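A structural walkthrough
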Amino acid sequence: MKQTAVVTAGTAGIGLETALGLAEAGLAVTVVGRDADRGARAVERINAAAPLHSAQFLAADLASLDAVRTLAGRVAASGPLTVLVNNVGAMFPDRRDSVDGIEATFAVNHLSPYLLTELLLPELRVSAPSRIVNVTSGATGAAKRAFDTVEPPGGYYGFHWYGRAKLAHLAYTLELAGRLEGTGVSVFAADPGGAATDMTNGTMSDPKIVSPGLRLLWPLVRRKFERSTSGPASVAAKPSIFAATDGSLTGRTGVVIGPQAHPVAPFRPATDPRIAEAVRHLSERLAPLTG
């Protein structure tokens, strides 16, 4: 059976490099993105490497839950799915809402990949052994850990809210791994570490991105971050490619792959069942499987 992969936000940066790696490994890759021109260029670049299977592009605005549902239907209609890489991510300097009226950071970084994953579980089960790879971030360490509502208490600070959304998704990832154990569907988190991408280049220079408590130290923190994000996206994609393809992970699940592309201990709060339960209830309320 042909091995297939879907990579969200796969038309540039880490997502495109991940798609290239999966195509090189012999998978038939579909990249998802908003812009058809970027999608066409991504497919052209992947196919130029002469993969075993031609790449495809699917257009979807992953900030829209209805668009995610439509995307899931299109992917499901194309047949079994072997690998799903939820690479989508976004950080915003100012608070904004998604088209669904949900705070955009949480919508894009957690609710969108959560909903896509849940909707595609039947296809992943049919294709077992199959894998889900959710991209996480070291920004989880700056997150508030309350998930009673979509927005934490206090003011909006993009770096912290991004980390909180990524923490929610990491907690979901580990919970999902336990839920699917024994089904043949393995679930991994991949931390790309630092990379020079559109998101980091455009957002991390904004002084409003962090809370007042961190702002005094931010020049030092930002310089350290920018040094760590000076490497190419091709290096940052290695953890996702490893999680999606490496034979040493066969039969394993619930593993976090660190920036050096080997297993690491998960961020401890993400293993807290109380956080996982709160995230699950919030996710089910905000992003029902049917619109």
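Below or above, wherever it landed, is the structure these notes cover. Computed from a predicted model, the values in this text were never measured in an experiment. Sequence positions are assigned chain by chain, starting from 1 and proceeding in written order. Predicted model: local features are reported for residues with pLDDT of at least 70 only, side-chain atom pairs are reported and counted for 80 or more only, and whole-chain, interface and lining totals are derived from all residues. To get the side-chain values, all heavy atoms of the structure are used, and hydrogens and water are removed first.

Things to note about the side chain of Ser 112
Segments assigned H or I by DSSP are reported as helices when at least four residues long, segments assigned E as strands when at least two residues long, and all are numbered from the N terminus. The residue Ser 112 is located in helix H4 (residues 104-126) in this model. When a residue's accessible area, from a 1.4 Å probe over protein chains only, is under 20% of the maximum for its type it is buried; when over 50% it is exposed; and in between it is partly exposed. Accessibility expressed as a relative area gives 1% for Ser 112, which makes it buried. Among all residues touching Ser 112, those that are not within four sequence positions of it are Leu 62, Leu 65, Val 68 and Ala 107. Contacts were defined at the residue level, with two residues in contact if any of their heavy atoms lie within 4.5 Å.

Looking at the environment of Val 6
For Val 6, the position within the fold is in strand S1 (residues 4-8). In contact with Val 6, other than residues within four places in its own chain, are Thr 30, Val 32, Val 75, Leu 81, Val 83, Leu 84 and Val 85.

Notes on helix H10 (residues 238-245)
Within H10, 6 of the 8 residues are buried, which leaves the element mostly enclosed by the surrounding structure. For H10, every residue scored as buried is listed here: Pro 239, Ser 240, Ile 241, Phe 242, Ala 243 and Ala 244.

Some details on the pairing of strand S2 (residues 28-33)
Counting buried positions along S2 gives 6 out of 6 residues, so the element sits mostly inside the fold. Burial along S2 is two-sided: Ala 28, Thr 30 and Val 32 and Val 29, Val 31 and Gly 33, pointing in opposite directions, are all buried. One requirement defines pairing of two strands: DSSP has to find at least two bridges between them. Inspection of the sheet shows S1 paired to S2 by 5 bridges, in the parallel sense. When the sheet's bridge partners are listed, Thr 4 is paired in S2 with Ala 28. Orient the strands so they point away from the viewer, and a crossover whose first-strand-to-second-strand path over the helix runs clockwise is right-handed. In this fold, the crossover linking S1 to S2 by way of helix H1 (residues 13-24) has right-handed handedness.

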